[in-house]
Amino acid sequence: MNRLCVHTVTTKPLSFEQCLAEFPKYGVSGITLWRQALEGRDLNAVKRQTADSGMDVVSLCRGGFFPAKSAADRQKSIDDNFLAIEQAHAIGAPLIVLVCGAVPGQSLVESRQQITDGIAACLPAAEAAGVKLAIEPLHPMYADDRSAVNTMRQAHEICDALGSSKSVGIAVDVYHVWWDPELKSQIDLAGQTGRLHAFHICDWKTPTTDLLNDRGLMGEGCINIREISDWVDATGFTGHREVEIFSHKWWSGDQGEFLDQIASSYARIYA
Ligand code: ZN
């Protein structure tokens, strides 16, 4: 198995059916479904169609966004995470990736407490459904409104606060954490604690022209992807390497050509 997984959002112009038909042609063996792809669909059919494609469902993206100014809004987000857990269970996704959220003007410490409380509220349902949750630390440029969890260390602290549950862990995305001087030791710790739940790859371009939607294909940028990947594998991680690229540039072109580039850049990195 080549461990290559592609997120449905990576080829955003393709429909869910097109992703299922196209990905395997390029040697993709795993798929991570974004919840947008599920909208209005029968989840049993989604599960069946995905199984028929021959690809593994690696995870469902995404839950989270726990912090909010009012208790009512925090409850609304917890309810949405309950729905995500039901969806993941229904389609056979073993994991939900959490983009944890943040509120501009609210302290990051307060937001992290609300994130911890939100995950705690969701954990029993996740455990009952057999679905794991993965906190994805986001690059600090998103600390204002997307995630108050910006380092692996902070993700570990939240896991520690939640106790010994094996259902909550961490998603390592090279785009968000490649700069962290503690990265290797925090990946090692994630391995030792059984928390390394997912591994996402893409590249950091210079210059980056859009902070959200100008991610590079592996090899287009400056991230030491293979080295980080080797640290991840050294912990015993054998899961998929998930290509998650948001890119106006790649979305505006032919998606078959893009998938071809994904497959060849992946093959170069892991040759
Ligand atoms: Zn990611």
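As the structure is a computational prediction, the values presented were derived from the model and not from experiment.

Visitor: Explain the coordination of the zinc ion residue by residue, including any values.
Guide: Summarising the metal site, the zinc ion is bound by the protein donors Glu136 (OE), Asp173 (OD), His200 (ND1) and Glu244 (OE), whose distances to it range over 2.0 to 2.2 Å. Relative to the metal, the four donor atoms surrounding the zinc ion lie at angles of 84 to 160°, and the coordination shape comes out irregular. Mapped onto the polypeptide sequence, the residues donating to the zinc ion form the spacing pattern E-x36-D-x26-H-x43-E. Here aspartate 173 lies in strand S6 (residues 168-173) and glutamate 136 lies in the loop between strand S5 (132-135) and helix H5 (152-161), a separation of 37 residues in the sequence.

Visitor: Go over the environment of leucine 20, please, and point to the residues and values.
Guide: Turning to its location among the elements, leucine 20 is positioned in helix H1 (residues 16-22). According to the relative accessible area criterion, leucine 20 is buried, its value standing at 9%. Considering only alpha carbons, one finds leucine 20 and alanine 125, 105 residues apart in sequence, at a separation of 29 Å. Those residues in contact with leucine 20 that lie beyond four places of it in its chain are Ile31, Gln49, Thr50, Ser53 and Met55.

Visitor: An account of the pattern of salt bridges is requested, with residue identities and associated values reported.
Guide: A complete count under the given rule lists 14 salt bridges for this structure. Between arginine 241 and aspartate 233 there is a salt bridge, with its nearest N and O atoms 3.0 Å apart. When its relative accessible area of 23% is taken as the criterion, aspartate 233 is described as partly exposed. Connected via shared salt-bridge partners are Arg3, Asp233 and Arg241.

Visitor: Could you give me a rundown of the packing of helix H2 (residues 43-53) against helix H3 (residues 71-91), with the residues and numbers involved?
Guide: In contact at an axis separation of 8 Å, H2 and H3 are set at 45° when each is read in the N-to-C sense. On the basis of their axis angle, the class for H2 and H3 is oblique. Of the residues in H3, those in contact with Leu43, Val46 and Lys47 of H2 are Gln87, Ala90 and Ile91. Looking at the contact of H2 with H3 residue by residue, the classes come out as four nonpolar, one polar and one charged.

Visitor: Talk me through the nonpolar core; I want residue IDs and the actual numbers.
Guide: Within the largest apolar cluster, 77 residues are counted, with the highest numbers of intra-cluster contacts made by Ile119 and Ile135. The leading source of residues in this core is helix H4 (residues 108-129), at six residues. The residues touching isoleucine 119, leaving out its near neighbours within four places in the chain, are Phe66, Leu98, Leu133, Ile135, Ile158, Leu162 and Val168. Ranked by size, the runner-up nonpolar core spans ten residues in total, among them Val9, Leu95, Ala198 and Phe246.

Visitor: Which residues make up helix H8 (residues 225-234), and what values do they have?
Guide: Ile225, Ile228, Ser229, Trp231 and Val232 are the residues of H8 that are buried. Buried residues along H8 cover an arc of 155° about the axis, so they all sit on one side. Directly after H8, the chain includes glycine 236, whose backbone phi takes a positive value near 100°.

Visitor: Describe the pairing of strand S4 (residues 95-99), listing the residues and the values that go with them.
Guide: Among the five residues of S4, five are classified as buried, and the element is accordingly described as predominantly covered. Covered by surrounding structure in S4 are Leu95, Val97 and Val99 together with Ile96 and Leu98, the residues of both alternating faces. As judged from the four bridges shared by strand S3 (residues 56-64) and S4, these two strands associate in the parallel manner. Counted as the bridge partner of leucine 60 is isoleucine 96 from S4. On the question of chirality, the crossover connecting S3 to the parallel S4 by way of H3 is right-handed. Summarising the sheet, S4 and S5 pair through four bridges and their orientation is parallel. Paired with isoleucine 96 across the two strands is leucine 133, which belongs to S5. Viewed along the sheet, the connection from S4 through H4 into S5 turns out right-handed.

Visitor: Describe the packing of aromatic side chains, and please don't skip the residues or the numbers.
Guide: Inspection of every chain in the model, using the stated rule, returns five aromatic pairs. Ring-pair connections join several aromatic residues into one group, and the members of that group are Tyr175, Trp178 and Trp204. Directly above the aromatic system of tyrosine 142 lies the positively charged group of arginine 146, at a separation of 5.7 Å from the ring centroid. In this arrangement the basic side chain of arginine 215 is found over the ring face of phenylalanine 246, its NZ or CZ atom lying 4.2 Å from the centre.

Cut-offs used in this document
Every chain begins its residue count from 1, and numbering advances along the sequence as written. Totals for whole chains, interfaces and linings use all residues, but because this is a predicted model, local features are given only for residues with pLDDT of at least 70 and pairs of side-chain atoms are given and counted only at 80 or more. Side-chain calculation: all heavy atoms of the structure are included, whereas hydrogens and water are not. Metal coordination here is assigned from N, O and S atoms located within 2.8 Å of the ion, or within 3.2 Å for Na, K and Ca; omission of water means that sites may look incomplete. All geometry calls rest on donor angles, where a four-donor set with angles between 85 and 135 degrees is tetrahedral, four- and six-donor sets with opposite donors more than 155 degrees apart and all others between 65 and 115 are square planar and octahedral, and all else is irregular. Here a strand is any run of E in DSSP of at least two residues, a helix any run of H or I of at least four, and the numbering for each starts at the N terminus. Under the scheme applied here, a residue whose accessible area is under 20% of the maximum for its type counts as buried, over 50% as exposed, and between as partly exposed, the area being computed with a 1.4 Å probe on protein chains only. The contact criterion used throughout is that any non-hydrogen atoms of two residues lie within 4.5 Å. Whenever a carboxyl oxygen of Asp or Glu lies within 4 Å of a side-chain nitrogen of Lys or Arg, that contact is scored as a salt bridge. Comment: axis = line fitted to C-alpha atoms, over the contacting stretch for helices; angle = value between 0 and 180 degrees taken between N-to-C directions. With respect to orientation, any angle under 35 degrees is reported as roughly parallel, any angle over 145 as roughly antiparallel, any angle of 65 to 115 as roughly perpendicular, and every other angle as oblique. The nonpolar class holds Ala, Val, Leu, Ile, Met, Phe, Trp, Tyr, Cys and Pro. Asp, Glu, Lys and Arg form the charged class, and all remaining residues, Gly among them, are polar. Side-chain atoms within 4.5 Å are what join buried Ala, Val, Leu, Ile, Met, Phe, Trp, Tyr and Cys residues into a set we call a nonpolar core. The arc under discussion is defined with respect to the helix axis, by the directions toward the C-beta atoms. Should DSSP find at least two bridges between two strands, the strands are taken to pair. Think of it like this: strands point away, you trace from the first strand over the helix to the second, and a clockwise trace means the crossover is right-handed. Each Phe, Tyr or Trp ring, with Trp reduced to its six-membered ring, pairs with another whose centre is within 6.5 Å; inter-plane angles below 30 degrees give stacked pairs, above 60 give edge-to-face pairs, and intermediate values give tilted ones. A ring is scored as having a charge over it whenever the NZ atom of a lysine or the CZ atom of an arginine sits within 6 Å of its centre and within 35 degrees of its normal.

Function-wise, these values are silent; they only describe arrangement.
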